[in-house]
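One-letter residues, chain by chain:
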Amino acid sequence: MGVIDDFPSSHDYVLRYLDEAARDAFARFDAAFEAGRELPDAESDPRLFGRWAQLRLGNGHHGVDHYDERVLRVTRPAADGDTPWTFDDVRFLWMAANGLMVREHTDYPELYRLPLAAIRRLDYRARRQILEGTLDWFRQYHRPVWDVLHDQMEDVLTEPAENGPAGVVRNVIWDCDAVARRLAEEYGARLAAPEVLPLLRHWNSARSAKPSGKWLRTAETLLTPEAVGLVREILVLVAAHRERQEENLYGWRETVFLHERTAVPVRGMVWTCALIDEPWVAALLGDVALTCGTGIGGSGANSRSERLANAAVNTLARRGGLEVVAALARVQVKVRKKSVLGNVARTLDAVAAEAGWSREQLLDRTVPAFGLGPDGVREERIGDCLVRLRADGPALQFVNPAGRTVKSAPQAIRQTPELAALKTTLKDLKQVLPAERFRLERALIEERLWRWAEVTELFLDHPITGLYARNLIWQVRQGPAGLPVRTDSGWELTDPRGRRVQPDPDTPIQLWHPIREAAEEVRAWRDHLLEHGVRQPYKQAFREVYLLTPAEERTRVHSNRFAGHTLRYGQAKALLNQRGWSGLSIGHWDYECGGDQGEAIKALSGWRARWGMYVAGDPEADEWGTASFCATEQITFYRDGQEELSGHDWAGNRVALDGVPLTEVPPLVLSEVFRDADLAVGVTSVGLDQQAVAGHEEYWHSYGFGELTETAGTRRDALARLLPRLRIADRAELTDRFLRVRGDRRTYKIHLGSGNILMEPNDAYLCIVPGHDRDAGSVFLPFEENGGMLSVILSKAFLLADDTAITDPSITRQLGS
């Protein structure tokens, strides 16, 4: 029997790295060895001979505690020679040795003699890549091997002193990703300094979920002012870092954020923030949690590094107090990973309980003001210049010594610490604004109640939240509603007819929602916003309302209203995650266990909605990975706490119970869930594409020119109010599904759902790709919907109304065809 036949079948994957020439050479080596002859080609191809020699140790035996001297006379010279080993050679030798080790070959010094000798021929990065998982594998599962070899393995991996501070840092944290390489190359001298290096080694022991008291006490004794500065700089680097494509020494390209070996010391730095009493700590931990808690591209139900996101949140929890609330609120808006969100919720609840409030009350009371005045402006004089921080940009404005407002900072103040501090505040302000907008929309959906005194103090008078709250409609519970107006006697609510009311301080107040109102009242508010130029932070007066249809009454426990659409999966998942949905993960994997099917889930006001989806794409085109396209199925509703899965079918799969009858779902909950689904379809459908995707042509045409959804219907309603105000009013008219625009060359029909264009008289398709510089004729819009389709339609309308001025040949060719 030869070495290939004798090798353990459980590890035969090792042999896949041998080509036919190698197998033929091994057969010649086997024949010569068995016959006691001189081994052919041993000197002419020592690398191939070395591979064979390593396999020769197997010799068909299971459980070997010492090797035959005749075999060792083959392996020892191979180890002692000056062979120019390659990365692939060394990887093969280690895999072969490990395969024999698990077959109970226990003469570890001889078994690993050749792999240990060969790996020394490689540079340190290659050594680390080959032994990346082997150290922990030996330490945890093969302790006898570790006890014998760990000194030699550590020696192989330890860079010599002549490699300088960068080598010292790499000895601790390795160099498995871009951040680790930057730490070694840019921060090496500081991290390897005698007063910091012990702390770096301590950070590299942060391997548990939370730090022990002993770990923190040790960190406290090692912490120095220089180390505090490094913690800040490095965590800023991590918070700004994004995943990138990297090619490893195996030739594989992979998307890497932080390698596990880098995440460990970074987690140690995050834990150390619990010991640092500086004003920058809470915000920076929030930045780290945001970056690490969101998925690739900054969204998604997965996390770039769940362990680091939770470490940051846990450290904020350990610090406690009101200072951590703003950072946690930002995380709550963006991150969708359940474990991180649960951690954030527990921390906020703990801080709120300590202050005697609910979580929502805590968030209401802890929105930072950043030193802004009631008008949302903060002014600071730096040298001879005046600098304004404005919340309504947000932006910095500069007034030079001559009293003139200029766009950029005057040269004299650009390097001042005061301006640097204002720029940091501006960065924080830009993060708080979307969090407040999100919080106010969530309050609308959840039907939160406040006292009028709380509304005026915490919302209307606040320099940041007030930017949004003052343009929203507030309503006395089961009473009158109005936009806030400040008077000499305080805030009042004014309705579209000019009637005013000043609620008593203890009057219950909520945000107005159109689902509770008659159609006439909704129309009055829409006309009022347009007439007075009130732009709302989100759709409130123009919010779509979704009522049960006869078809849904017939299906009873599920809705097919948004079934049968083909969406761009990644884009749809990201959008739904932003809207508070989670759980969706489908692709071309594990078809037998349903990997191509899944559900997006949203919890709202004691209910859960589930929206089914499945892969709708070519697995070859997707390289058998995450789906490019998905198809939508029915939506069902369940009460919180209701057991949704019960029993098993004949194949052992769990079977879902029917949903709750749709007539029992609160109208606002049903409407808001359907609104999210309509938004996902309206933004991510392949029917919006300029050209049909192969295989989806029929759907593209039916969606791109078919009946309008509620979102498109609201768009039509807005256009009906806007058209009389436009300079193209005499050239445009609304039909049931289109904005019809008369140019000088052709007449055009712009679909109000997809924005696609047909040309009369033969309904020829006109392809116009929207540019980033959309010109909607400076038209005031009372809202800007997600996806911006209203502005896209208007920009196309202005362009086509003056079609003789079009010079783009990609368009003019189509007009004349």
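A. Structural view of the overall build of the chain. What the chain contains, in helices and strands, is 33 helices and 24 strands. Evaluated residue by residue, the chain yields a buried proportion of 54% over its 817 residues. Counting contacts in the chain only where the partners sit at least 6 residues apart, residues at least 24 apart contribute 64% of the total. Accessible surface computed for the chain: about 37000 Å², of which carbon and sulfur atoms make up 48%. Counting 101 positive and 117 negative side-chain charges, the chain places the centres of these two groups 5 Å from one another.

B. A look at the sheet that holds strand 23 (residues 757-760). If you trace the five strands from one edge of the open sheet to the other, you get 20-21-22-23-24, paired in antiparallel fashion. The sheet is open, and its two borders are formed by strand 20 (732-734) and strand 24 (764-766), each paired with just one other strand. Strand-to-strand twist of the sheet, defined as the mean angle between neighbouring strand axes without regard to direction, takes the value 30°. Here strand 21 (residues 738-742) runs beside strand 22 (residues 747-751); their pairing, made up of five bridges, is antiparallel. Within strand 22, the position partnered with Phe 738 by the bridge is His 751. Sheet strands touched by helix 30 (residues 697-705): strand 21, strand 22, strand 23 and strand 24. Its angle to strand 22, the strand with the most contacts, is close to 100°.

C. Highlighting the packing of helix 19 (residues 306-319) against helix 21 (residues 338-355). Axis separation between helix 19 and helix 21 bottoms out at 10 Å; the angle between their running directions is 0°. Relative to helix 21, the element helix 19 is oriented roughly parallel. Here helix 19 contributes Glu 306, Ala 309, Asn 310, Val 313, Asn 314 and Ala 317 to the contact with helix 21, which in turn contributes Ser 339, Val 340, Asn 343, Val 344 and Thr 347. For the contact of helix 19 with helix 21, the class distribution of residues is five nonpolar, five polar and one charged.

D. Representation of the state of the cysteines within the structure. Using the criterion set out here, one finds zero disulfides in the structure. Cysteine Cys 273 remains unbridged, with the sulfur of Cys 292 as its closest cysteine sulfur at 12 Å. On the accessibility criterion, Cys 273 (1% relative accessible area) is buried.

E. Structural detail: the sheet that holds strand 10 (residues 490-494). A sheet is described by the order of its strands in space; here six strands give the open sequence 7-12-8-9-10-11, paired in antiparallel fashion. The sheet terminates laterally at strand 7 (450-451) and strand 11 (500-501), the two strands that pair on one side only. Summarising the sheet, strand 7 and strand 12 (residues 508-511) pair through two bridges and their orientation is antiparallel. Looking at the pairing, Arg 451 lines up with Pro 508 of strand 12.

F. The arrangement of the pattern of salt bridges in detail. Considering all chains together, one arrives at 61 salt bridges under this definition. Between Arg 568 and Asp 689 there is a salt bridge, with its nearest N and O atoms 2.5 Å apart. Placement of the pair is Arg 568 in strand 13 (residues 566-568) and Asp 689 in the loop between helix 29 (667-684) and helix 30, with a sequence separation of 121 residues. You can call Arg 568 partly exposed: its relative accessible area is 30%. Across the pair Arg 737 and Asp 736 runs a salt bridge, and its minimum N-O distance is 3.9 Å.

G. Examining the environment of Lys 573 more closely. Turning to its location among the elements, Lys 573 is positioned in helix 28 (residues 569-578). With ten residues separating them in the primary sequence, Lys 573 and Gly 583 have C-alpha atoms 9.5 Å apart.

H. The nonpolar core, seen in detail. In this structure, Trp 611, Phe 637, Leu 739, Leu 766 and Leu 800 are the most contacted members of the largest nonpolar core, which totals 82 residues. Core analysis: the next-biggest nonpolar cluster, separate from the first, contains 67 residues, Val 196, Leu 197, Val 270 and Leu 316 among them.

I. Inspection of the pairing of strand 15 (residues 597-604) at higher detail. With two bridges connecting them, strand 14 (residues 581-582) and strand 15 associate as antiparallel partners. Bridge pairing in strand 15 places Ser 582 opposite Ile 601. The pairing of strand 15 with strand 16 (residues 607-615) spans eight bridges and is classified as antiparallel. Residue pairing across strands places Ala 600 opposite Trp 611, the latter belonging to strand 16.

What counts, and at which threshold
- Residues numbered from 1 in each chain as written.
- Predicted model: local features only at pLDDT ≥ 70, side-chain atom pairs only at ≥ 80, totals over all residues.
- Heavy atoms only, no water.
- Helix = DSSP H or I, 4+ residues; strand = E, 2+ residues; numbered from the N terminus.
- Buried < 20%, exposed > 50% of the residue type's maximum accessible area, 1.4 Å probe, protein only.
- Contact = heavy atoms within 4.5 Å.
- Areas by Shrake-Rupley, 256 points an atom, 1.4 Å probe, with all protein chains shown as cover.
- Lys, Arg positive; Asp, Glu negative; His and termini not counted.
- Charge placed at Lys NZ, Arg CZ, Asp CG, Glu CD.
- Pairing = 2+ DSSP bridges.
- Axes fitted to C-alpha atoms, helices over the stretch in contact; angles between N-to-C directions.
- Parallel < 35°, antiparallel > 145°, perpendicular 65-115°, else oblique.
- Nonpolar A, V, L, I, M, F, W, Y, C, P; charged D, E, K, R; others polar.
- Disulfide = S-S within 2.5 Å.
- Salt bridge = Lys/Arg side-chain N within 4 Å of Asp/Glu carboxyl O.
- Core = buried A, V, L, I, M, F, W, Y, C linked by side-chain atoms within 4.5 Å.

Any link to function would need more than the numbers given here.
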